[in-house]
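So you can see what is in the structure, the chains are spelled out below.
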Amino acid sequence: MNVNGHPYRTIWLKPGDDHIVQVINQVKLPHIFEINDLASVEDVCRAIRDMTVRGAGLIGASAAYGMYLASLESSETGFQDTLRRAGNALKATRPTAANLAWAVDRMLGVIGAVESHSERCSVARQEAIAIADEDADYCRRIGVHAMPVISAISARKPGQTVNILTHCNAGWLAFVDMGSATAPIYAAHDAGIPVHVWVDETRPRNQGASLTAWELSQHGVPHTLIADNAGGHLMQHGLVDMVITGADRVTRNGDVANKIGTYLKALAAHDNRIPMYVALPSSTFDFALRDGVANIPIEERDGAEVRYMTGLTESGDIASVRICPQATPARNWGFDVTPARLITQLICERGLCDATENGILSLFPERR
Ligand code: MRU
């Protein structure tokens, strides 16, 4: 996607020095566009943990590049231990997004048995690039598959705008390019279908306000920022035609873990008979799990993220302010689980399917 007219992905190897991975620092957006160098597995772990990089697809791609850096750090002997330790460290950074362990295991499967150091590094480099390219391509395909859904809604209200509500950031910043929830929006907008996006601010870290609003602006997609709790009201008044969110982990029967608050949007959409779509690449499925509420690990983050808000001051500095009494404690769950029954359909790189085991396996028969 473009930033100030220049094409960017969210992660790449530094031109002229492919021992360095470069990423956009998402903690500083939308106020500062900064590119960070990651030179070690520890750098990658820190970037995932502090959310310099975030979003399921990008966490996976970052872990893949982290394993490439681990292969550079490995020696001829004992390299399997080095890779295993790196994989464990990366997997421990954040618990909910399925893409993280998926990417580490895929890298280990490809490079774990390569004896020669130089061959191992070259294979790891190729595989990390392949994972990143695949992520971008899968998001593009999600957009292609979902376009007919948006154009059908548009056809039912000729001359009017299709209003789409999204939560958090499942945009290109959360992946390598395009995004999952946003790929259909970009595809429809580029095809000339009038779309408008209601952007949930997404407390506590405000990925909607800071990231989704920023990337939609960069692409010229009409959008409006709303408070997290506004969605139900808009739905009751006919101002939302569809909801599209991303996902961090989806069970084999279609339960969806996504940013905290998604469940409430799904309940409101269900009550108002508004279609609720969840877009994801196959790397987000966890085919080993059936009961999302019981079994998906939900990250609990520092309560300080709830107690404080960060933004740009009038003088142009980025600052944090406390929004509650000094002694008030806070709890901060990062994700919730939307039961499959509340989801109209899943949108994957292979097409659309019902959020049921049969529906999902019809697209992924090799998982039967
Ligand atoms: O905590 P984050 O920002 O890494 O959370 C991930 C998300 O942005 C959302 O849950 C998103 O909708 C799914 S990630 C593609």
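Below: a short report on this structure. (Residues numbered from 1 in each chain as written. Predicted model: local features only at pLDDT ≥ 70, side-chain atom pairs only at ≥ 80, totals over all residues. Heavy atoms only, no water.)

## Looking at the nonpolar core
Stage number 1. Grouped together as the largest cluster of nonpolar side chains are 39 residues, with contacts concentrated most on Ile-11, Val-21, Tyr-65 and Leu-90.
Stage number 2. Contributions of two or more residues to this core are made by strand S3 (11-14), strand S4 (17-24), helix H1 (41-49), helix H2 (56-73), helix H3 (79-91), helix H4 (98-111) and helix H5 (117-156).
Stage number 3. Sort the elements by how many residues they give to this core and H2 lands first, with 11 residues.
Stage number 4. By size, the runner-up hydrophobic cluster in this structure holds 37 residues, among which are Ile-142, Ile-164, Trp-172 and Ala-181. (Core = buried A, V, L, I, M, F, W, Y, C linked by side-chain atoms within 4.5 Å. Buried < 20%, exposed > 50% of the residue type's maximum accessible area, 1.4 Å probe, protein only. Helix = DSSP H or I, 4+ residues; strand = E, 2+ residues; numbered from the N terminus.)

## Comments concerning the packing of aromatic side chains
Stage number 1. In this structure the tally under the stated criterion is 7 aromatic pairs.
Stage number 2. Note on Tyr-8 and Phe-33: the rings are 5.1 Å apart at their centroids and 70° apart in plane angle, and the pair reads as edge-to-face. In this pair, Tyr-8 is assigned in the loop between strand S2 (6-7) and S3 and Phe-33 in the loop between S4 and strand S5 (35-38), connecting sequence segments 25 residues apart.
Stage number 3. Look at Tyr-8 and you get partly exposed, because its relative accessible area is 23%.
Stage number 4. Taken together, Tyr-8, Trp-12, Phe-33, Trp-172 and Trp-214 form an aromatic cluster joined through their ring pairs.
Stage number 5. Sitting over the face of the ring of Phe-79, Arg-120 holds its NZ or CZ atom 3.7 Å from the ring centroid. (Phe/Tyr/Trp six-rings, centres within 6.5 Å; stacked < 30°, edge-to-face > 60°. Lys NZ or Arg CZ within 6 Å of the ring centre and 35° of its normal.)

## Concerning empty space enclosed by the protein
Stage number 1. Tallying each qualifying case throughout the model produces 4 cavities of 30 Å³ or more.
Stage number 2. The calculated volume of the largest cavity comes to roughly 160 Å³.
Stage number 3. Every residue lining the largest cavity is counted, 19 residues in all, and those nearest its centre are Arg-54, Gly-55, Ala-56, Asn-169 and Asp-248.
Stage number 4. In terms of residue class, the lining of the largest cavity is built from 8 nonpolar, 7 polar and 4 charged.
Stage number 5. In terms of domain composition, the lining of the largest cavity takes at least three residues from each of domain 1 (2-134) and domain 2 (145-367).
Stage number 6. By volume, the second largest cavity amounts to about 80 Å³.
Stage number 7. Tallying contributions element by element places H5 first for the lining of the second largest cavity, with 4 residues.
Stage number 8. The class makeup of the residues in the lining of the second largest cavity is 5 nonpolar, 4 polar and 2 charged. (1 Å grid on protein atoms, 1.4 Å probe; cavity = no way out; pocket = protein on both sides within 12 Å on 5 of 7 lines; lining within 4 Å. Points joined across faces, edges and corners; volume = space filled by probe spheres on them. Nonpolar A, V, L, I, M, F, W, Y, C, P; charged D, E, K, R; others polar. Domains from an automatic or database assignment.)

## Some words on a nonpolar patch on the surface
Stage number 1. Side chains of Ile-32, Leu-312 and Ile-318 sit close together on the surface and give an oily, nonpolar patch of about 240 Å² of accessible area.
Stage number 2. Secondary-structure assignment places Leu-312 in strand S14 (residues 308-312). (Patch = residues over 30% accessible without salt bridge, like charges linked within 9 Å, V, L, I, M, F, W, Y side chains within 5 Å. Areas by Shrake-Rupley, 256 points an atom, 1.4 Å probe, with all protein chains shown as cover. Salt bridge = Lys/Arg side-chain N within 4 Å of Asp/Glu carboxyl O.)

## Observations concerning the state of the cysteines
Stage number 1. Applying the stated criterion across every chain, the model contains 0 disulfides.
Stage number 2. The cysteine Cys-45 is free of any disulfide, with Cys-121 supplying the nearest cysteine sulfur at 18 Å.
Stage number 3. Classification of Cys-45 by relative accessible area gives buried; the value is 1%.
Stage number 4. Among the cysteines around Cys-348, which has no disulfide bond, Cys-353 carries the closest sulfur, lying 4.8 Å off. (Disulfide = S-S within 2.5 Å.)

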